[in-house]
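Tertiary structure, described
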Amino acid sequence: MTIQNDFASLGLAAPLLRAVAESGYTTPTPIQAQAIPLVLAGGDLLAAAQTGTGKTAGFTLPILQRLASNPLTKAGNGRPRCLILTPTRELAAQVEESVTTYGKYLPLTSLVMFGGVNINPQISALRKPLDILVATPGRLLDHVGQKTLDLSGVEILVLDEADRMLDMGFIRDIRKVLALLPKQRQNLLFSATFSDEIRSLANGLLTNPGCVEVAKRNTTSELVSQSVYMVGQKQKRELLAHLVRQNNWEQVLVFTRTKHGANKLAEYLVKQGIAAAAIHGNKSQAARTRALSQFKDGSLPILVATDIAARGLDIEQLPHVVNFELPNIAEDYVHRIGRTGRAGSPGHAISLVDGEETKHLAGIERLIKQKIDRATPTGFTPNPADALEQERDQRPPLAARGHRAGSGNGTKGGRSQPGTSSSKPRNNAPRTESSRPAQDNRRPAATAKPSVTSGSRPASSPRNAPRAALFSAKSGTRNH
Ligand code: AMP
């Protein structure tokens, strides 16, 4: 069967064209058009591209083709031919899903592995032949330590979201992994930004790389309308609930700076009858996966996330992003609002800014070289009692103060979790999410129950149809 679409001109073989066509894609995205021929030719690649550009297919498709068309090497048990490293579990799962989708007509095998889940099923899976392994660095090294994984057969290495891996403190782990790989191999490095650290990693790793750049650093999409509501910290949650109801927002990603804050906000929204869940590194993997899939399929309108948890999430045409607090680092604002207004559809980024955050706001406006519109809420009257109640709520759970543990971490009926801000003293100083251990736990994940996901949806939001796909893909044809 011959599939006629623009992907054919990139040199992809029929089984891949068929899978691509079934995914509903007709036109390669810019990163795909540039990266696919380079990777097929066997060279190293340095690519500046973020999630949302189609980068995953940009490297997965040519890798699948190269592995399938090289009959000289065979995958061994627990000895992958291609290793894809990602910073977060969610991204690892998404990438492996793409490998399965695009590789469905090829006789290649793949596996995803990350921390926070039982290692034994991964060990069993490694007893079978394996072509492509997608992994987060910590768990990967655990397997190497247990001698359940052999990296001596890796022909192709991908570092996906390399900048975030470095931000999360993975550089040592990456260097350890690199030392275990054969010298002769193809290397692909994807990064949204290019710090000196990334450049030095790339210099040591890549040989005469082809360079591809599709998204400029620190630019915000014109499709995203941005606005700021100046509001006291204590009125923010009420204002958010008001905005959600008033505008019938149906799918909102809300960023908070702390895990504790994410839990508290989700809990509050649920009390207000707005279904919401929090997602961050202290949640069990099962809770994170469930919240994300409900958010993606439209059954959960509000997902409250910390920056690290949200990084790399592929959520199609997300209409609203809310900064419940502004990030300390101005670049993170660009990453956050990059979750909306993607691939041709309009998006809205709303920031709730307290007086104390104005210096962050000024930093952001300097970075994006743009003044963000100030908006005034209509019909919003804050209830003074709510501010008082919130002050009580915001105190760390009793457990942290030497009393019996309560359910104050926001997980319904859950236990206080190690490493949440529940272990902070009472002063409530904002604490940003500590990065690495949360994302790629070498320890088993916290045993918390999933975050609150109950609560009715706003009456006006019956949503069940999946959102239309990105780019020119047909609605409902994709796997996410
Ligand atoms: P990524 O940047 O790899 O996370 O991809 C973002 C989204 O774009 C994913 O949901 C893909 O399924 C989708 N996508 C990738 N390539 C194409 C394409 N050529 N046409 C339409 N959608 C695409």
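Residues numbered from 1 in each chain as written. Predicted model: local features only at pLDDT ≥ 70, side-chain atom pairs only at ≥ 80, totals over all residues.

**Re helix 15 (residues 358-368)**
Within the sequence span of helix 15, burial applies to His 360, Leu 361 and Ile 364. Buried residues along helix 15 cover an arc of 100° about the axis, so they all sit on one side. Exposed and facing more than 90 degrees away from the buried side of helix 15 are Lys 359, Ala 362 and Arg 366. Where the residues of helix 15 are buried, they touch strand 8 (224-230), helix 14 (330-337) and strand 13 (347-353). Where helix 15 ends, the next residue or the one after it, Lys 369, has phi of about 55°, a positive value. (Buried ≥ 20, exposed ≤ 12 C-beta atoms within 10 Å, placed from the backbone. Helix = DSSP H or I, 4+ residues; strand = E, 2+ residues; numbered from the N terminus. Arc of directions from axis to C-beta. Contact = placed C-beta atoms within 7 Å.)

**Structural notes on the sheet that holds strand 14 (residues 373-375)**
The seven strands are arranged 10-11-9-12-13-8-14 in an open sheet whose pairing can be described as parallel. If you trace the sheet from one side to the other, it starts and ends with strand 10 (276-279) and strand 14, each paired once. Put simply, the sheet's adjacent strands are angled 25° from each other on average, direction ignored. Here strand 8 pairs with strand 14 via three bridges, running parallel. Opposite Ser 227, over in strand 14, you have Asp 373 as the bridge partner. Along the sheet, helix 11 (residues 259-271) makes contact with strand 9 (252-255), strand 10 and strand 11 (302-305), crossing strand 10 at roughly 170°. (Pairing = 2+ DSSP bridges. Axes fitted to C-alpha atoms, helices over the stretch in contact; angles between N-to-C directions.)

**Considerations on the packing of helix 2 (residues 30-40) against helix 3 (residues 55-68)**
One way to put it is that helix 2 packs onto helix 3 with a least axis distance of 8 Å and a crossing angle of 25°. Between helix 2 and helix 3, the interaxial angle falls into the category roughly parallel. Considering only the axes of helix 2 and helix 3, their crossing is right-handed. Here helix 2 contributes Ile 31, Gln 32, Ala 35, Ile 36, Val 39 and Leu 40 to the contact with helix 3, which in turn contributes Lys 55, Ala 57, Gly 58, Phe 59, Leu 61, Pro 62, Ile 63, Gln 65 and Arg 66. Here the residues of the contact of helix 2 with helix 3 sort into 10 nonpolar, three polar and two charged. (Parallel < 35°, antiparallel > 145°, perpendicular 65-115°, else oblique. Left-handed = near helix turned anticlockwise from the far one by under 90°. Nonpolar A, V, L, I, M, F, W, Y, C, P; charged D, E, K, R; others polar.)

**Considering helix 12 (residues 285-297)**
Here helix 12 contains 13 residues, and its C-alpha end-to-end distance of 18 Å stays within 8% of the 18 Å for a straight helix at 1.5 Å per residue. Turning to helix 12, its buried residues are Ala 287, Arg 288, Ala 291, Leu 292 and Phe 295. Axial view of helix 12: buried residues confined to an arc of 125°, hence all on one face. In the core, the buried residues of helix 12 are packed alongside helix 4 (89-102), strand 10 and strand 11. Directly beyond the C-terminal end of helix 12, a positive phi value near 90° is found at Gly 298. (Expected span 1.5 Å × (residues − 1).)

**Some remarks on the pairing of strand 9**
Burial along strand 9 is two-sided: the residues Val 252 and Val 254 and Leu 253 and Phe 255 are all buried. Alignment of strand 9 against strand 11, held across four bridges, turns out to be parallel. Its bridge partner lying in strand 11, Leu 253 is registered against Leu 303. Two strands pair when backbone bridges link them, and strand 9 and strand 12 (residues 320-323) are joined in this way by four bridges, in the parallel orientation. Residue Val 254 lies in a different strand from strand 12, and its bridge partner there is Val 322.

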